Structures are given as C-alpha cells and as structure tokens.
2 protein chains.
Amino acid sequence: MNLKELSTILGLSQTTVSRALNGYPEVSEETRIKVQKAAEKHNYRPNTKARSLATGRSMAIGHVIPVSTKHEMVNPIFGDFISGAGEVYSKHGYDMVLTVVEDKGEEAAYRQMQSRGSVDGVVVHGPLTTEPRIDFLRKIGLPFAVHGRASGENSDYNWVDINNRRAFHRATDFLLDLGHRRIAFINGLEYMDFAYRRREGFIEAMTERGVAYDPALMFSNEMTEDYGYETAMTLLRGENAPTAFLVSSMICALGVRRAIEDLNMKMGRDVSIITHDDVLSYMPNGKDLPIFTSTRSSVRQAGSLVAETLLAQIADPLRKPQHQLLEAELMVGQSTGPVKA
Amino acid sequence: MNLKELSTILGLSQTTVSRALNGYPEVSEETRIKVQKAAEKHNYRPNTKARSLATGRSMAIGHVIPVSTKHEMVNPIFGDFISGAGEVYSKHGYDMVLTVVEDKGEEAAYRQMQSRGSVDGVVVHGPLTTEPRIDFLRKIGLPFAVHGRASGENSDYNWVDINNRRAFHRATDFLLDLGHRRIAFINGLEYMDFAYRRREGFIEAMTERGVAYDPALMFSNEMTEDYGYETAMTLLRGENAPTAFLVSSMICALGVRRAIEDLNMKMGRDVSIITHDDVLSYMPNGKDLPIFTSTRSSVRQAGSLVAETLLAQIADPLRKPQHQLLEAELMVGQSTGPVKA
DNA sequence: AAGTTAATTCAAAGCGCTTTGGATGACTAA
DNA sequence: TTAGTCATCCAAAGCGCTTTGAATTAACTT
C-alpha cells in the first residue's frame, strides 16, 4: 500500500493525503480524520526511503562499533547503552543503524554514512584522549555527539560524560580514609579517555593526601574478568602486596574477587575492592546490600542522554554544542573495610 | 556529489556512469576506468535511499531487541552476537538497523519495518517455545532467520541453533560420572526455547541413568549474577544441599561461585559447577586452564551464521529454509571434581 | 556499397514521497 | 456587483538513483 493507491481509494490527491497524515493545517479536519482512518485500515505507512529522498533527512542515527581485531572484544556496556539510546530514537521516530568495523576503519565508515546519506548523525563511542574522529566528523559536516570526552580536544562539541576524575578521586579518598596506602589500580586502556581521567583522579587524590603511589601497582588493559584475576593474583602472591584494589569495571572486579578467594582471603576483610559500576542490566551489584563498594552511574541513562543531545543538535543545526557531566554515586558495599592492623 | 554532477563532470550520461560503477558489461573498459577514477577522486558514493527506491531493495537487515520492561534487562550476549552478524552484513554491503522495543511491541516493530520498507529481512532473537513471531513474519512476508528454534513450531523456517539438549545432556552425564546425584539446575526462563531444551537434556540424562531429579533443585529465571548467588546461597545453606550445579550462563555461574566462596567452600572440591559458555569476548573462561567446566559455543559465530543464512534467503527467495545445528564443546575446567565421599 | 551485427552510449521513465505554486469555490467587505 | 480573503484541495516538479528501450557509431559481411 502506497500513497498513490491510498489517495486513489480516497478520491483525493496525494498532496492532501500526505498533508493530512503529516499534520499540516491546510486540510479540513473532516478529511484529515477520513484519511487517518483509511491509512489505519489499509495499514499504510510511508516508505522511509521515499520520504527521506524527498525531505533530505534520513531519520536514522549511526553507531559505529569498533571491534578490536586483536581480541575481537566487544564492549560489554554496549548493549545497555544502545538500549538507552534506542528508546529515545524510537520515541522520536528515528532508526538506529549499526556498523561493525574493524579497528581503524571507523573514519571510512563515517565517511561512507555521510556520502551515502544513510544517517543524519552519529554517536561516537569510546573516545581516546586524542580523538581524530571529532575533527574528522566536523570536517565532513556530519552531526555527532560523543559518549565521553577527549581530553586532548579543545574545540567544542556535544558530549555526555560521567565525572570520571572526581569519581575515582572520591573512591581513592574512600580507601585512604579506611587506612589503605598500598592501593592497586586496575584500569582500562589508558589511551581511552575515561581511563586516562580515572587515572588522573587516582593520582590527584593520592597526591593531595601526600601518599606516594606506586607505578608498579598501576595497570592498564582491556577490562576482562581474566585481567582482574591474573593481575590480582600476581600482586597478592608477591611481596608487599596491596591492601586494596581500585578497579575500573565490575567484570574486572569479579576477577579480582576470584583471586582473593582463591588465595583463601576474604574480600572486605583482608583485601578491599572498590570498582566502577556501569549498572549493567545483567550485572546488578547485589540485591539489597551491594557486593562491591562502587562508583555508580548508569550507562543506559548515558545512552538516552547522548541520543537526546544528538537529536536536539540535528533538529537545530545552529544550536551550540551541549555538555552533560554526570556525577557518579559512591555506594558502599561489602567489598571494603579498614586496612588490617 | 551525486550521479548527475559526476556524469556532467565526465561528460557522460547518468546511465553510463551508473553502469560503469555497478559493473554492467555494456560499457567499455576504458570509460569504466575513467569513471571509477573520477568517482574515487570526488568521493562519490550512491545515495542509499535513492538506490533503494529505484531497486526496491533496502540493503538493510533489521534486529529487534526486546527490553523487558520489568527488569530493563538487555541480553548480555547481544553485543557479541551483533558483532558477528555485523561483520557479515558489512562484507555484503548491508546495513544493520536496530530497534529497541518494550516487551510485546515486537510484532508492531516488524510490521512497521515491513510496511515502511526499511529492511529486507529480520533476525529473530530469543525465540520462545511457542513463538508467534514466526507465523507473523511469514504472514506479512518478511524474510527472517531465527537465532535458536521454537520447539512448538512445526513449520519450516531458517534457523541457527546450538544443540542445547545434547549439550546439557552431556554436561549432566559428566556430573553423574563424577558421582554427583543431587544436581541443582540453574536455568534461564523456561518459556525461552533454549532453556526449555536444556531442561529436556538435563531430565533426559538423569532419567536415562535412573537418577531421580528433584524439582526443588530446578530453577528458572533471568540469568544474572545475582540470581546465581541467591539461589546457590539458599541451597547450600539448606538441608540436603546439592553437590553440583548445572548452570545456564557464565554470568550466573559467577554468582554461584561467589556463594560457594562466601560459605568458605571450594569450587571443584566441595561443590562442582558446570556451565554453558557463550564465549563472550569480555568474559573469557580463564586463560589457559578454564575456570569453569563448560559446554562451549561461540555466540559470535552464531551471529555470523544467522546473518549468512538470512542474506542467502534474501538473495534467493525460493530457496528452501536452511538449518544449522551447532554442537557445543565440553571443556573441562577447574570447577568440577568427584563428589565428596 | 549496402546490409548486418556488435559495441557503446543515451534520453527518459519510474521508484514513493514531500512541497511549491497555483486553482477553486465560498464567503466577506466595499 | 466586484474585489479581496480564506479555506481547501490539486497538478506537477523534484529528491538521486536504476533500468528500459532506442540511438549512434564502428566493424564486419556479402
């Protein structure tokens, strides 16, 4: 069923039918209702391609997900982020188009989306500290919003980020308050901006309190359960082991916890863990009492906000870039305790 | 840059340029090269919408991801599945369009995709034992492939599934061989087909060996870490505790493990766990020696296969539905051992 | 030299929609 | 009456591509 058929059935012109359905004023209320009824009845929905072609807007947002060829690693927060964003898109009648791309193919993917006109804007995932994509997207004139920020970028752009630095500053303070001094920091890859900022927060807190931080206790890697386990295992078995772990993700923290248990120690009593919790739907942090003490911020909500920001930008291209800095909550759970005497 | 401009620059007709770029034979090799060079130089890529409108094919595959409103739960395997499928789409020049939908809105989403012509086919995720979507999609004539199967459906359709029944049969046998008799079964939601089949496999194995299974040890829920923990905790603290756990997902198994550790027992020695491992990229099952004994099958690979199947179906609408039943490997890890005397 | 055939190229229609620039008729105002 | 104003509706152009059917040229036959 297409416009032509529908308008023939109704004995009206395509113009009128189109206008009736799109809520234009130059059509009588009577015919509008008649048209709507008919559209409903015949299950008519305007063809997206045709509409896009006519309007010049594609009503779709692109997400490019890089899969590192090395590890074939897909970011575990991805599902929840997408679900937050997707809900917003649906509400505004937008589609979400995903492109999976190997490592450095992202710019090509953006350029392709742009020149093929398949999206009206894109979301930039996992910005690095120096992020070439930002300049690139501006250059090719494709609207975008970033989930996170790029420390090395001083131009203005749309972003939604959590206050990683402050969150990890607070988390570190929390451990320091409990008397911990040897704190291991299990971070993500530090060319990623979020990890860089978390590191800054950690160092800042340590320095402010006059506690020397030990570079030998600072790690940076892709945040798997395994990485947490292996690292913690090595440290805890070694000499001068840390008394606390500051960890960048729940999954990783589960690994650290496993190492602690494997060594017949008890988390919270023998060793403390504080982690960042993205509030992933399939990984709730305990039921009533949180398992892990954590800095907490919903990545799903971030998804919604990024989407809103981008859609607002698209709706008004002259709008100034928007920024939202979300504070993480510090939730006390069972994984932290005072340092052992 | 569009076709018209490009052809003006080249001093050729749009027809010829279009044909040159699309590899039609009725254009001389000389001009073809000339055209390709120019297209490259001016960064020309055909507008997707226009092309789709002209060809009637949208070159996009739809994925509808349901988010249960109750738990806002996004399936953790989603990211990896998508990444597998996405790679195949890219290779074939297809886009992937995602729609996030609340619970029962899936059919509406499919219908919309169909009538708006935004996709050439869809992937059905998480089929239930009786799955209305299959009939529905056939009815509206939208090509599809299912990740999994629907036991209650006896029509023929494209699917890619793992042999859940056999995998769990084998896993159960493995535990029985180690002397376990009281085996707790921590399953997913059993209206989901995969969970139903796993249950069948479990019961079948127990029955074949003449071991009575205790319904009080069989659980069905959304597979979070928490669910594993709570369930195991209750069972292990209760009377007549199970000596082994058969678990439907790694994440869940991590919870079971946590409960075991919390009770100062040792996994593999005091209590055994065998789980299914979807080989999620961010959740590798140990480095050299697997943490968990598991039935193992890559969901990423399943994603690729489903995508291939669907694309083949679209390329040849008369093709008979294809099926692929993947066997899971049984990998022995550190989480299982003989029952304690 | 005239007639065929093959190799290239092109003009124009059409995909399904939105939107511009009128028409048409009813109604009001002068 | 005549002109002007609304309120409705419509024909047709255009979005950027593919594809049909035809034209043009070159090459080959007889």
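Because the structure is a prediction, the values reported are computed rather than measured.

Draft legend 1. Main features of the sheet that holds strand β7 (residues 218-220) of chain A. Residues and elements named next belong to chain A. Here six strands make up an open sheet; going across it, the order is β7-β6-β8-β9-β10-β12 and the pairing mixed. The open sheet has two edge strands, β7 and β12 (329-331), and neither has a second partner. In this sheet, adjacent strand axes meet at a mean angle of 15° when their direction is disregarded. As paired strands, strand β10 (residues 293-296) and β12 are joined by three bridges and run antiparallel to one another. Within β12, the residue paired with Arg296 across the bridge is Glu329.

Draft legend 2. Just the pairing of strand β9 (residues 272-277) of chain A, in detail. All names here are of chain A. With six of its six residues buried, β9 lies for the most part within the structure. Side chains of β9 alternate between two faces, with Ser272, Ile274 and His276 and Ile273, Thr275 and Asp277 buried alike. Looking at chain direction, strand β8 (residues 244-247) and β9 are connected through four bridges and run parallel. In the strand pairing of β9, Leu246 is matched with Ile274. The β-α-β motif built from β8, the intervening helix α11 (residues 250-262) and the parallel element β9 has right-handed crossover chirality. Taken together, the four bridges between β9 and β10 define a ladder with parallel strand orientation. Within β10, the position partnered with His276 by the bridge is Thr295.

Draft legend 3. Main features of the interface of chain B and chain A. Each side of the interface is counted separately: chain B has 54 residues, and chain A has 54 residues. Buried surface at the junction of chain B and chain A, summed over both partners, amounts to about 5,200 Å²; 56% is from carbon and sulfur atoms. In terms of surface lost to chain A, no three residues of chain B exceed Lys49, Arg116 and Tyr282 of chain B, which account for 14% of the buried area on that side. In this assembly, chain B and chain A are joined by four salt bridges. Here chain B and chain A share 13 residue pairs in polar contact (both at pLDDT 80 or more) between them. Among the secondary structure elements, those contributing two or more residues to the side of chain B that touches chain A are α4 (48-55), β1 (60-67), α5 (78-91), β2 (95-102), α6 (106-115), α10 (225-237) and α11 (250-262) of chain B. Its residues assigned to classes, the side of chain B that touches chain A comprises 19 nonpolar, 17 polar and 18 charged. Bridging between strand β2 (residues 95-102) of chain A and β2 of chain B involves three bridges; their strand directions are antiparallel.

Draft legend 4. Local environment of the protein's contact with DNA strand D. With respect to spatial proximity, 29 residues lie near DNA strand D, and among them Thr15 of chain A together with Leu3, Ser18, Arg19 and Tyr24 of chain B are the closest. Of all atoms in DNA strand D that approach within 4 Å of the protein, 60% are sugar or phosphate atoms. One nitrogen or oxygen atom from the main chain of Ala54 of chain A is found 3.4 Å from a base oxygen belonging to DNA strand D. Interatomic distance of 3.2 Å between a backbone N/O atom of Ala50 of chain B and a base nitrogen of DNA strand D. Counting only elements with at least two residues in the surface near DNA strand D, the list comes to α2 (14-21) and α4 (48-55) of chain A together with α2 (14-21) and α4 of chain B. Among the elements that take part in the surface near DNA strand D, α4 of chain B stands out by supplying five residues, more than any other. Per-class residue counts for the surface near DNA strand D are 11 nonpolar, 13 polar and five charged.

Draft legend 5. Region of interest: the relation of the copies chain B and chain A. Superposing chain B onto chain A takes a rotation of 180° combined with a translation of 0.0 Å along the rotation axis, leaving an RMSD of 0.0 Å. Both copies are brought into coincidence by an operation consistent with a two-fold rotation axis. When you check the interface residues of chain B against chain A, 100% turn up at the interface there too, and the contact is symmetric in its surfaces.

Draft legend 6. Inspection of the UniProt feature "domain: HTH lacI-type" (unreviewed entry) in chain A at higher detail. When the UniProt feature table is mapped onto this chain numbering, "domain: HTH lacI-type" (unreviewed entry) sits at residues 1-55 of chain A. Taken as a whole, residues 1-55 of chain A contains 67% helix and 0% strand, while its terminal C-alpha atoms sit 20 Å from one another.

Draft legend 7. Summary view of the protein's contact with DNA strand C. Near DNA strand C, the surroundings consist of 28 residues, among which Leu3, Ser18 and Arg19 of chain A together with Thr15 and Glu26 of chain B are the closest. Protein-proximal atoms of DNA strand C, defined as those within 4 Å of the protein, fall in sugar or phosphate at a share of 59%. Separating a phosphate oxygen of DNA strand C from a backbone N or O atom of Asn47 of chain A is a distance of 3.1 Å. Every element with two or more residues in the surface near DNA strand C is listed here: α2 and α4 of chain A together with α2 and α4 of chain B. Counting residues per element, the surface near DNA strand C draws most heavily on α4 of chain A, which supplies five residues. Partitioning the surface near DNA strand C into residue classes produces 11 nonpolar, 13 polar and four charged.

How each quantity is defined
Residues numbered from 1 in each chain as written. Chains lettered and ligands numbered in written order. Predicted model: local features only at pLDDT ≥ 70, side-chain atom pairs only at ≥ 80, totals over all residues. Heavy atoms only, no water. Pairing = 2+ DSSP bridges. Helix = DSSP H or I, 4+ residues; strand = E, 2+ residues; numbered from the N terminus. Axes fitted to C-alpha atoms, helices over the stretch in contact; angles between N-to-C directions. Buried < 20%, exposed > 50% of the residue type's maximum accessible area, 1.4 Å probe, protein only. Right-handed = clockwise from strand over helix to strand, strands pointing away. Contact = heavy atoms within 4.5 Å. Buried area = accessible area lost by both parts, 1.4 Å probe. Salt bridge = Lys/Arg side-chain N within 4 Å of Asp/Glu carboxyl O. Polar contact = N/O pair within 3.5 Å; in protein donor to acceptor, adjacent residues only side chain to side chain. Nonpolar A, V, L, I, M, F, W, Y, C, P; charged D, E, K, R; others polar. Near = heavy atom within 4 Å. Least-squares fit on C-alpha atoms with pLDDT ≥ 70 in both. UniProt positions renumbered as here; feature names shortened; annotations may be inferred.

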